[in-house]
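So you can see what is in the structure, the chains are spelled out below.
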Amino acid sequence: MKVVKETQIAGVKPMARGKVRDIYDLGDKLLIVATDRLSAFDMVMPTPIPDKGKVLTQLSLFWFALLKDVIVNHVIGASALPAPFDAYSEELDGRSMLVKKTRPLPIECVVRGYLSGSGWKDYRATGKVCGIALPAGLRESDKLPEPIFTPATKATSGHDENISFEQAGSLVGEKLAQRVRTVSLEIYRRAAAYAEPRGILLADTKFEFGLTGGSTDSHEKSGLMWIDEALTPDSSRFWPAAEYKPGGPQPSFDKQFVRDYLESIRWPKTPPGPELPPDVVAATRAKYREAYRILVGHELD
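Residues numbered from 1 in each chain as written. Predicted model: local features only at pLDDT ≥ 70, side-chain atom pairs only at ≥ 80, totals over all residues. Heavy atoms only, no water.

## Observations concerning the overall build of the protein
Phase 1 of the analysis: When its secondary structure is counted, the protein shows seven helices and 16 strands.
Phase 2 of the analysis: A globule of 301 residues ought to have a C-alpha radius of gyration of about 19 Å, and the protein, at 19 Å, matches this closely.
Phase 3 of the analysis: Projected onto its principal axes, the C-alpha positions of the protein cover 60 × 50 × 40 Å.
Phase 4 of the analysis: Each of the 301 residues in the protein was classed as buried or not, and the buried ones make up 50%.
Phase 5 of the analysis: Within the protein, residue pairs in contact and separated by at least 24 positions form 66% of the contacts whose partners lie at least 6 positions apart. (Helix = DSSP H or I, 4+ residues; strand = E, 2+ residues; numbered from the N terminus. Rg over C-alpha atoms; globule rule 2.2 N^0.38 Å. Buried < 20%, exposed > 50% of the residue type's maximum accessible area, 1.4 Å probe, protein only. Contact = heavy atoms within 4.5 Å.)

## Side note on the sheet that holds strand β6 (residues 75–77)
Phase 1 of the analysis: Spatial ordering of the open sheet is given by β1-β2-β3-β7-β6, a layout of five strands whose pairing is antiparallel. The outermost strands of the open sheet, each flanked by one partner alone, are β1 (16–17) and β6.
Phase 2 of the analysis: Pairing of strand β2 (residues 21–25) with strand β3 (residues 29–34), which is carried by five bridges, proceeds in the antiparallel orientation. Looking across to β3, one finds that Asp 25 is bridged to Leu 30.
Phase 3 of the analysis: Lying on the sheet, helix α1 (residues 52–66) is in contact with β2, β3, β6 and β7 (96–100); it crosses β7 at an angle near 45°. (Pairing = 2+ DSSP bridges. Axes fitted to C-alpha atoms, helices over the stretch in contact; angles between N-to-C directions.)

## Notes on the pattern of salt bridges
Phase 1 of the analysis: Summed over the entire model, instances satisfying the criterion amount to 22 salt bridges.
Phase 2 of the analysis: Here Asp 51 makes a salt bridge to Arg 289, at a shortest N to O gap of 2.8 Å. Pair noted here: Asp 51 is in the loop between β5 (43–44) and α1 and Arg 289 is in helix α7 (residues 278–296), with a separation of 238 residues, a long-range link. Summarising the burial analysis for this pair, Asp 51 and Arg 289 share the class buried.
Phase 3 of the analysis: Close ionic contact of Arg 139 with Asp 142 constitutes a salt bridge, the shortest N to O distance being 2.9 Å.
Phase 4 of the analysis: One salt-bridge network, held together by shared partners, links Asp 51, Arg 285, Arg 289, Arg 293 and Glu 299. (Salt bridge = Lys/Arg side-chain N within 4 Å of Asp/Glu carboxyl O.)

## A few points about the pairing of β2
Phase 1 of the analysis: Pairing analysis gives two bridges linking β1 to β2, with the strands arranged antiparallel. Bridging across to β2, Arg 17 finds its partner in Asp 22.
Phase 2 of the analysis: Remark: three residues form the turn of the hairpin made by β1 and β2, two consecutive strands paired antiparallel.
Phase 3 of the analysis: What sits between the antiparallel neighbours β2 and β3 is a turn of three residues, in which Gly 27 has the positive phi angle 90°.

## A few points about the nonpolar core
Phase 1 of the analysis: Membership of the largest hydrophobic core comes to 69 residues, with the highest contact counts inside it found for Trp 63, Ile 187, Phe 209 and Trp 226.
Phase 2 of the analysis: Of the residues forming this core, the biggest block, 11 residues, is contributed by helix α5 (residues 174–195).
Phase 3 of the analysis: Excluding residues that lie within four positions of it along the chain, Trp 63 makes contacts with Ala 191, Tyr 194, Trp 226, Ala 230, Leu 231 and Leu 295.
Phase 4 of the analysis: Within the second largest apolar cluster, nine residues are counted, among which are Tyr 123, Val 129, Leu 144 and Ile 148. (Core = buried A, V, L, I, M, F, W, Y, C linked by side-chain atoms within 4.5 Å.)

## Quick word on the confidence of the model for the protein
Phase 1 of the analysis: For the protein, the average pLDDT comes to 94, and 96% of its residues sit at 70 or higher.
Phase 2 of the analysis: In the model, residues 215–222 has pLDDT below 50 throughout and makes 13 contacts with residues more than four positions away in sequence or in other chains. (pLDDT = per-residue confidence, 0-100.)

## Some points on the environment of Ala 241
Phase 1 of the analysis: Along the chain, Ala 241 turns up in the loop between β16 (236–240) and α6 (256–264).
Phase 2 of the analysis: On a C-alpha basis, the gap between Ala 241 and Gly 199 in space is 5.0 Å, while along the polypeptide they are 42 residues apart.
Phase 3 of the analysis: For Ala 241, the contacting residues outside a window of four places in its chain are Gly 199, Ile 200 and Leu 201.

## A word on the packing of aromatic side chains
Phase 1 of the analysis: Under the counting rule described, the total for this entry stands at 12 aromatic pairs.
Phase 2 of the analysis: Considering the side-chain rings of Phe 207 and Trp 226, the 5.7 Å spacing of their centres and the 85° angle between planes classify their relative orientation as edge-to-face. Taken together, the positions of Phe 207 in strand β14 (residues 200–211) and Trp 226 in strand β15 (residues 224–227) put the pair 19 residues apart, joining distant regions of the chain. Neither Phe 207 nor Trp 226 differs from the other in exposure class; each is buried.
Phase 3 of the analysis: Residues Trp 239 and Tyr 244 carry aromatic rings whose centres are separated by 6.0 Å and whose planes lie at 15° to one another, so their mutual orientation is stacked. (Phe/Tyr/Trp six-rings, centres within 6.5 Å; stacked < 30°, edge-to-face > 60°.)

## Some remarks on the state of the cysteines
Phase 1 of the analysis: Taken as a whole and judged by the stated rule, the model has zero disulfides.
Phase 2 of the analysis: In this structure Cys 109 is not part of a disulfide, and its nearest cysteine sulfur, from Cys 130, lies 11 Å away.
Phase 3 of the analysis: Assessed through its relative accessible area of 0%, Cys 109 is described here as buried. (Disulfide = S-S within 2.5 Å.)

Shown next, in the form of structure tokens:
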């Protein structure tokens, strides 16, 4: 199988290489390529996961299409590659999206339906998550009384930092913060309602939004666009509903096998990351593909 760890296009340099994505600037458009790179504990591992980039791209395209009535998204197309990228179709097909260029908002729009991760840490320390008071006595992985919007800053390295809604408003403007909160909660509710009867609990997820025109404090509906990725195992916690048992961590459809392996070998979480053994790679690949199959309804092509 074709594994793509990094794209190399003759005569063209990417404008950015993220932990997973290579992004090419095409003027008024971007070409986003999801590679098979995997990061764990905020570090890219040397061993790629086959099919990972295709799962991220195809699952994002699925959600963008399913929920397009909630808010417009940045997707232009994913079938025809422009020159010179068309010469690399064997490498890029299935993992690339041509998208509209926007000015991304400087916040991550996180929605939590269950108490986990950094939200659980915040709750144990303060009884709150991002300034939102929660009932006393909740356990790790408990379902929240209702989904909550818990924004975060975008970290250039390391972890994003949870912030209050008021802090988000100071970064993007109060009206725009209210808009993205409303949209984020609606997307989450719709996606969770779709996923649960199919056997997946959407514990939490993060969205990114951008503006297509006007000033950064613009709150016009037409100027706001859903961008980046949509409800993937990299941006969300997907839990198997049949195994859900609150009171501790849950099994998930993501890089859990990699994290468990790294903890088992007592890797100090400093560079370089270790090569991953074949069984960990295979198990992780299977989890990504399984999440796709369950949600979309067929195997990844």
